[in-house]
Amino acid sequence: MNAFLNHFLFEFKTGIRNKTLLLMNYLFPFGFYLMLGVLMTEIYPFFREVMISSMVTFAIIAAALLGLPDPLVTAREAGIFRSYKINGIPARSILLIPVLTTIFHLLIMAVVIISTAPLFFAAPLPVNWPVFFLIFLLAAFACSGLGVLIGVISSSSRMTVLWSQIIFIPSMMLSGLVMPLEILPEVMRRVAQLLPATHAINAFRGLTQQLSVDFNPIASILILLTGGLLAFFLALYLFNWDQRNPVTKHRYLAILALLPYLIGVFLFS
Amino acid sequence: MKSVIKVSDFRKNYGQLQAVKGISFEVERGEIFGLLGPNGAGKTSILECLEGLRIPDGGSIQVLGLNPAGQAEQLYNQIGVQLQSAGLPDNLRVDEAMKFFCAYHRVSPRYDLLDRLGLTAKRNAPYFQLSLGQQRRLLLSLAVAHNPAVLLLDEPTAGLDVAARVELHQMVKEMQAVGTTIILATHDMAEAEELADRVAILLGGEIAAAGTPLELRATGAGLTKVLVRTETACLSDTGLTWPGVKQHITKGEYNIFYSSDIAPTLSAVIGYIAVQQDSLIDLRVECPSLEDRFLEITNTGGSE
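Just so it is clear, the structure is predicted and the values come from calculations on it, not from any experiment.

(A) Region of the structure containing the overall build of chain B. Secondary structure assignment for chain B yields 10 helices and 13 strands. Overall, the C-alpha framework of chain B stretches about 75 × 45 × 35 Å when taken along its three principal axes. Pairs at least 24 apart in sequence give 67% of the contacts found in chain B among residues at least 6 apart.

Dropping the structure here:
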């Protein structure tokens, strides 16, 4: 427990000491939140209603998909995991602790957004706080699970960017984060259901703000939970300690992480 | 004595390349065993398989009765490893690193080791700000902090300054004195000669020679070098044949004799100086070192 706590504290501090992580965990989401708060509330007043859930979801995808994977690749390339292995640090700690610290950073960011959005932009607060917190945790876990999976299967930092953007960019455009899902064509709405951000926003709106939703928000909660668990365990299974001595594993199995989302498309449209 | 490390018919391949071709050796408790060899001889492959970082392609390896490939988690609290190529997170501070790894080994942080290895002034510095030598000293202190029963060192003095190197040798001897078994892979023959009880010289993935440094030095062609300087250089250009001498050269003011039988050579040289009424200024006898023997083996490809 002492070792786990030590490791957690170090990783948490790294999230602030490391400039890239500081940018992805705090500065980028906060800057984007301020920018969208100023612009969108002028051109699309309804955005005020969904601002908190959208901006919290944005913070989640930025930290989990853009911030989390690269340090894993860099650590593997630098032989840090070799040092960890010979000192008996288990793979589950190497993967779980960054997930937990990312969630912790996100919690701080969420508190900043929730406490300032009503003051700066007259954004309404969620009406159901326990459920809001639950959805936040599940969304952060689902996205962080995908983040570590990307870090594990990427052969280089360049590939990490590619895989991350494959999820991040559609999340920005299709998940309902900026534009409402209703304005998208039917087929794009179904494609959007492959993204954890879509389910996070759907659940936030349906269960914490009593707004109309596109599909069952309880199903979104289940999908986020199973998606997060599946992604995390796939990352654990596909984890390689050593760049120079990779154990042959079938990295294409990572695609299975999308299975809960795919099933959701057919069951909960 | 009980063997702590048993390697039997161990083989390791990388694709088509046979890096280690069926080697066997045992190391006893409290023994320092040196692995010597040129680059690519298989030293690191052996160490990495002993550490559980790589999986052997044949044969068996046991460390403290455990198989490193399959029982690594049970082994890691009992072994200390200094890798040739490994790193720590850039932002991890020296003090934090000690606390971090000691917590996983369930021992109290050994800050005294940081002081001992000259890292006192750097205790708050992040890893990326350390020089190469300081990084290696930190990795070494982490390797020994939990008092492992087996210590595996891969080029431990590479990049170290003289003071750190002396300190390291002292630490290794102290650990040996309390029963730690140590495997030392090194290019530094003087280091192996000073520290190792036994050495194995690896060549092309096979053990070309093994034994105590003394045994290895005693075998082979091993010519003893006799360097002589006299007042009037009477030994130069004599045209004489000296007993036991295989080669005679002049270098500056010194005459150098390479002898296979030192006693008659010395007696003939000193006798000749006396007859010539010359005066001896300097006389040195250099026995073949482990390095000479190593070069002899590697130059002949181990086929002697």
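(B) View of the packing of helix α3 (residues 47–67) of chain A against helix α10 (residues 196–208) of chain A. Residue and element names in this part refer to chain A. Following both chains from N to C, one finds α3 and α10 inclined at 150°, their axes separated by 10 Å at the closest point. The angle between α3 and α10 places the two elements in the roughly antiparallel class. As for the relative orientation of α3 and α10, their crossing is right-handed in sense. When α3 is examined against α10, the residues Val 50, Ser 53, Ser 54, Thr 57, Ile 60 and Ile 61 are found in contact with a partner set consisting of Ala 197, Ala 200, Ile 201, Phe 204 and Arg 205. Among the residues forming the contact of α3 with α10, the class breakdown is 7 nonpolar, 3 polar and 1 charged.

(C) Examining the nonpolar core more closely. Among the nonpolar cores identified, the biggest contains 158 residues, and Ala 59, Ile 60 and Leu 149 of chain A together with Ile 183 of chain B are the most heavily contacted of them. For Ile 183 of chain B, the residues in contact, after removing those within four places along its chain, are Ile 5, Val 27, Phe 33, Leu 35, Leu 47, Leu 50, Leu 152 and Leu 153 of chain B. Membership of the second largest hydrophobic core comes to 7 residues, among which are Leu 235, Val 245, Leu 266 and Val 269 of chain B.

(D) Main features of the pairing of strand β11 (residues 245–251) of chain B. Residues and elements named next belong to chain B. Both β11 and strand β12 (residues 254–259) contribute to a ladder of 6 bridges, which runs antiparallel. Across the sheet, Val 245 pairs through a bridge with Ser 259, a residue of β12. Where β11 hands over to β12, the hairpin turn is made up of 2 residues, of which Gly 252 adopts a positive phi near 60°.

(E) Region of the structure containing helix α6 (residues 162–177) of chain B. All names here are of chain B. The first and last C-alpha atoms of α6 sit 23 Å apart over 16 residues, in line with the 22 Å expected at 1.5 Å per residue. Close packing links the buried residues of α6 with β3 (32–36), α5 (132–144), β6 (150–154), β7 (181–186) and α7 (189–195). In the stretch just after α6, Gly 179 is the one whose phi turns positive, near 100°.

(F) Region of interest: the packing of α3 of chain A against helix α7 (residues 129–153) of chain A. Residues and elements named next belong to chain A. Running from N to C, α3 and α7 cross one another at 25°; their axes reach a closest spacing of 8 Å. When the axes of α3 and α7 are compared, the pair comes out roughly parallel. Considering the relative orientation of α3 and α7, their crossing is right-handed. Contacts between α3 and α7 involve Val 56, Thr 57, Ile 60, Ile 61, Ala 64 and Leu 65 from the first element and Phe 136, Ala 139, Ala 140, Cys 143, Ser 144, Leu 146 and Gly 147 from the second.

(G) Representation of the sheet that holds strand β4 (residues 58–63) of chain B. Residues and elements named next belong to chain B. Spatial ordering of the open sheet is given by β2-β1-β4, a layout of 3 strands whose pairing is antiparallel. Each edge of the open sheet is held by one strand with a lone partner, namely β2 (17–28) and β4. When the angles between neighbouring strand axes are averaged without regard to direction, this sheet yields 20°. Two elements, strand β1 (residues 3–14) and β4, share 5 bridges in a ladder whose sense is antiparallel. Bridging from a neighbouring strand, Arg 11 pairs with Gly 58 of β4. Together, β1, β2 and β4 form the strand contacts of helix α1 (residues 43–50), whose direction differs from that of β1 by roughly 120°.

(H) A look at the domain arrangement of chain B. Domain annotation of chain B identifies domain 1 (3–218) and domain 2 (224–287). A C-alpha centroid distance of 44 Å is found between domain 1 of chain B and domain 2 of chain B.

(I) Spotlight on the interface of chain B and chain A. Facing the 22 residues of chain B at the interface are 21 residues of chain A. Ranked by residue count, the leading element in the side of chain B that touches chain A is helix α3 (residues 94–105) of chain B, at 7 residues. Looking at the side of chain B that touches chain A, its residues break down into 12 nonpolar, 5 polar and 5 charged.

(J) Representation of helix α9 (residues 262–275) of chain B within the structure. All names here are of chain B. Look at α9: 20 Å from first C-alpha to last across 14 residues, which is about the 20 Å you get at 1.5 Å a residue. When α9 is considered as a whole, its buried residues turn out to be Thr 265, Leu 266 and Val 269. Projected down its long axis, α9 shows its buried positions confined to an angular sector of 95°, all on one face. α9 presents Ala 263, Ser 267, Gly 271, Ala 274 and Val 275 as exposed residues on the side facing more than 90 degrees away from its buried surface. On its buried face, α9 sits against β10 (224–230), β11 and β12. Looking one or two residues beyond α9, the residue adopting positive phi is Gln 277, at roughly 55°.

Quick notes on the rules
Residues numbered from 1 in each chain as written. Chains lettered and ligands numbered in written order. Predicted model: local features only at pLDDT ≥ 70, side-chain atom pairs only at ≥ 80, totals over all residues. Helix = DSSP H or I, 4+ residues; strand = E, 2+ residues; numbered from the N terminus. Contact = placed C-beta atoms within 7 Å. Axes fitted to C-alpha atoms, helices over the stretch in contact; angles between N-to-C directions. Parallel < 35°, antiparallel > 145°, perpendicular 65-115°, else oblique. Left-handed = near helix turned anticlockwise from the far one by under 90°. Nonpolar A, V, L, I, M, F, W, Y, C, P; charged D, E, K, R; others polar. Core = buried A, V, L, I, M, F, W, Y, C linked by C-beta atoms within 7 Å. Buried ≥ 20, exposed ≤ 12 C-beta atoms within 10 Å, placed from the backbone. Pairing = 2+ DSSP bridges. Expected span 1.5 Å × (residues − 1). Domains from an automatic or database assignment. Arc of directions from axis to C-beta.

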